[in-house]
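Chain residues, written in single-letter form:
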Amino acid sequence: QVQLVESGGGLVQPGGSLRLSCTASGSIFSINTIDWYRQAPGKQRELVAAITRTGSTNYADSVKGRFTISRDNAKNTVYLHMNSLKPEDTAVYYCHVNPRGLNYWGQGTQVTVSS
């Protein structure tokens with residue numbers, strides 16, 4: 001069993017920045033990859049970024065060059081640094097892991113980009 005807790009969401013103006021955090025607890029030893037997903041109103045959930053325990057990363061085309069995913073293995077925490085935010089980035093952001101073929105999701109954190 002894995003527990004994921006996100007934090008760091010909020011309201012920011014276009015062009016601003018936010019840093020999201022996701023901390024894992026429980027049976028975390030088998031976790032290799034941690035992902036960030038987001039879901040905007042009326043849209044499907046989409047993969048935003050992913051990172052392995054060795055630091056390999058992958059990003060959606062829509063956020064490349066603006067978002068950076070990183071992790072601190074000692075703290076069991078993954079971060080999503082979001083820069084140059086746009087209104088279309090508005091969504092609920094979720095962290096996700098898939099150890100032993102099971103899916104675990106955080107509760108989500110709201111990011112709203114608006115002037």
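Note: the structure precedes this text.
Note that the coordinates shown come from a computational prediction; the quantities given were computed from them, not determined experimentally. (Residues numbered from 1 in each chain as written. Predicted model: local features only at pLDDT ≥ 70, side-chain atom pairs only at ≥ 80, totals over all residues. Heavy atoms only, no water.)

Draft legend 1. View of the pattern of salt bridges. One pass over the structure, following the stated rule, counts four salt bridges. Lys 64 is paired through a salt bridge with Asp 61; the nearest N and O atoms lie 3.3 Å apart. In this structure Asp 61 comes out as exposed when scored by relative accessible area, which is 64%. (Salt bridge = Lys/Arg side-chain N within 4 Å of Asp/Glu carboxyl O. Buried < 20%, exposed > 50% of the residue type's maximum accessible area, 1.4 Å probe, protein only.)

Draft legend 2. Looking closely at the sheet that holds strand β1 (residues 2–7). Across the sheet, which stays open at both edges, the four strands sit in the order β1-β3-β8-β7 with antiparallel pairing between neighbours. Both edges of this open sheet fall to β1 and β7 (67–72), since each of them pairs with a single strand only. Sheet twist, expressed as the mean angle between neighbouring strand axes with direction ignored, is 15 degrees. Sheet analysis places β7 next to strand β8 (residues 77–82), joined by six bridges and oriented antiparallel. Bridge pairing in β8 places Asp 72 opposite Thr 77. (Pairing = 2+ DSSP bridges. Helix = DSSP H or I, 4+ residues; strand = E, 2+ residues; numbered from the N terminus. Axes fitted to C-alpha atoms, helices over the stretch in contact; angles between N-to-C directions.)

Draft legend 3. Highlighting the side chain of Asp 35. Tracing the backbone through its elements, the reader meets Asp 35 in strand β4 (residues 33–39). No salt bridge is formed by the buried Asp 35, whose closest oppositely charged neighbour, Arg 71, lies at an N-O distance of 8.6 Å. Ignoring any residue separated from it by four or fewer positions in sequence, one finds Asp 35 in contact with Leu 47, Ala 49, Ala 50, Tyr 94, Cys 95 and His 96. (Lys, Arg positive; Asp, Glu negative; His and termini not counted. Contact = heavy atoms within 4.5 Å.)

Spatial relationships are all this shows, so hold off on functional conclusions.
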